[in-house]
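# A structural walkthrough
What follows is each chain in one-letter form.
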Amino acid sequence: MTAQRQARAGVLVLALLLAATLATGWLGGRATMPAIPGWYASLAKPWFTPPNWVFAPAWTTLYVAMAVAAWLAFRARAGRGEREEAMRLFWVQLALNLSWSLVFFGARDPGWAFATILLLDAAVAATTLRFWRLDRRAGLLFLPYCAWIAYATALNLAIWRANLPG
């Protein structure tokens, strides 16, 4: 493959990864937005709950960083099996990311959402470590996502506990 074709293929892969991550955010937003004014607004929330306007720019930034990290891992000079494993983990965590929105906001179930986010925590940590081994920049780009997901886990747990019946 010529260098020009390789560059075009790299740009195409990056565009596809950006499209996949941003589509995940869009789909999650479709489940989230209808629940915000009624159900979510009525929940008891902890003192560390951010204002609603924070979520869209935070998630957009994280989704772009995730896509660039995946692109760097995909392009890493490593064995094909290592890259494939990293990309499998990436797709698993992305699916769990969407699943959380569908369970928390779509199904309006903070308890099952907490179980989902624990799986997401594990998948994000595994992806970060795998990306780090392939390309440190990819691992570094996933660190803010790790921090945000840890924060979201604490927030989910606090909301679930504060809204248990009885």
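Quick note: structure is the one above.
Residues numbered from 1 in each chain as written. Predicted model: local features only at pLDDT ≥ 70, side-chain atom pairs only at ≥ 80, totals over all residues. Heavy atoms only, no water.

### Notes on the packing of helix α5 (residues 110-134) against helix α6 (residues 136-162)
Orientation of α5 relative to α6, taken along the N-to-C sense of each, is 165 degrees, at an axis distance of 9 Å. The orientation of α5 relative to α6 falls into the category roughly antiparallel. With respect to the hand of their crossing, α5 and α6 are arranged in left-handed fashion. Here the residues of the contact of α5 with α6 are counted per class, giving 22 nonpolar, six polar and two charged. (Axes fitted to C-alpha atoms, helices over the stretch in contact; angles between N-to-C directions. Helix = DSSP H or I, 4+ residues; strand = E, 2+ residues; numbered from the N terminus. Parallel < 35°, antiparallel > 145°, perpendicular 65-115°, else oblique. Left-handed = near helix turned anticlockwise from the far one by under 90°. Nonpolar A, V, L, I, M, F, W, Y, C, P; charged D, E, K, R; others polar.)

### Notes on the environment of Ala 19
Here Ala 19 lies in helix α1 (residues 3-32). Separated by 44 residues in the primary sequence, Ala 19 and Tyr 63 place their C-alpha atoms 9.6 Å from one another.

### Some words on the environment of Gly 111
With respect to the helices and strands, the residue Gly 111 is situated in helix α5. Judged by relative accessible area, Gly 111 falls into the buried class, the value being 15%. Sequence spacing of Gly 111 and Thr 49 is 62 residues, and the spatial spacing of their C-alpha atoms is 17 Å. (Buried < 20%, exposed > 50% of the residue type's maximum accessible area, 1.4 Å probe, protein only.)

### As for the packing of aromatic side chains
Evaluation of the coordinates by the stated rule reveals 20 aromatic pairs. Summarising the aromatic geometry, the rings of Trp 47 and Phe 48 are spaced 5.4 Å apart at their centres and angled 80 degrees between planes, so their arrangement reads as edge-to-face. Taking the relative accessible area as the measure of exposure, Trp 47 reaches 79% and is therefore exposed. Aromatic side chains Phe 131 and Phe 142 sit 5.1 Å apart centroid to centroid with 70 degrees between the ring planes, which places their arrangement in the edge-to-face category. Remark: Phe 142 occurs in helix α6 and Phe 131 occurs in helix α5; sequence separation between them is 11 residues. (Phe/Tyr/Trp six-rings, centres within 6.5 Å; stacked < 30°, edge-to-face > 60°.)

### Considering the nonpolar core
One finds Phe 90, Phe 104, Phe 131 and Tyr 145 to be the most contacted residues of the largest nonpolar core, which totals 45 residues. Where this core is concerned, the elements lending two or more residues are α1, α2 (36-42), α3 (55-75), α4 (80-106), α5 and α6. It is α3 that provides the largest number of residues to this core, a total of 11 residues. Not counting chain neighbours up to four residues away, the residues in contact with Phe 131 comprise Ala 69, Ala 70, Ala 73, Ala 86, Phe 90, Arg 136, Ala 138, Gly 139 and Phe 142. (Core = buried A, V, L, I, M, F, W, Y, C linked by side-chain atoms within 4.5 Å. Contact = heavy atoms within 4.5 Å.)

### A look at unusual backbone geometry
One non-glycine residue, Arg 108, lies in the positive phi region at around 55 degrees. Looking at the element boundaries, Arg 108 is found in the loop between α4 and α5.

### Remarks on the side chain of Thr 128
Within the secondary structure, Thr 128 is located in helix α5. Look past the residues within four positions of Thr 128 in its chain and what remains in contact with it is Gly 139, Phe 142, Leu 143 and Cys 146.

### Notes on the packing of α3 against α4
Relative orientation of the contacting elements α3 and α4 amounts to 165 degrees, with a least axis distance of 9 Å. Classified by the angle between their axes, α3 and α4 sit roughly antiparallel to one another. The two elements α3 and α4 cross, and the hand of that crossing is left-handed. Contacts between α3 and α4 involve Trp 59, Tyr 63, Met 66, Ala 70, Ala 73 and Phe 74 from the first element and Arg 83, Met 87, Phe 90, Gln 93, Leu 94 and Asn 97 from the second. Of the residues in the contact of α3 with α4, the class split is nine nonpolar, two polar and one charged.

### Brief notes about the pattern of salt bridges
When the charged atoms of two side chains with opposite charge come close together, those side chains can pair. The full count for this structure, using the stated rule, is two salt bridges. Across the salt bridge formed by Arg 88 and Glu 85, the nearest N and O atoms sit 3.1 Å from each other. Taken together, the residues span about one helical turn, with Arg 88 and Glu 85 both in helix α4 at a distance of three residues. Judged by its relative accessible area of 47%, Arg 88 is partly exposed. Classification of Glu 85 as partly exposed rests on a relative accessible area of 26%. Across the salt bridge formed by Arg 137 and Asp 135, the nearest N and O atoms sit 2.7 Å from each other. Owing to a relative accessible area of 13%, Asp 135 belongs among the buried residues under this scheme. (Salt bridge = Lys/Arg side-chain N within 4 Å of Asp/Glu carboxyl O.)

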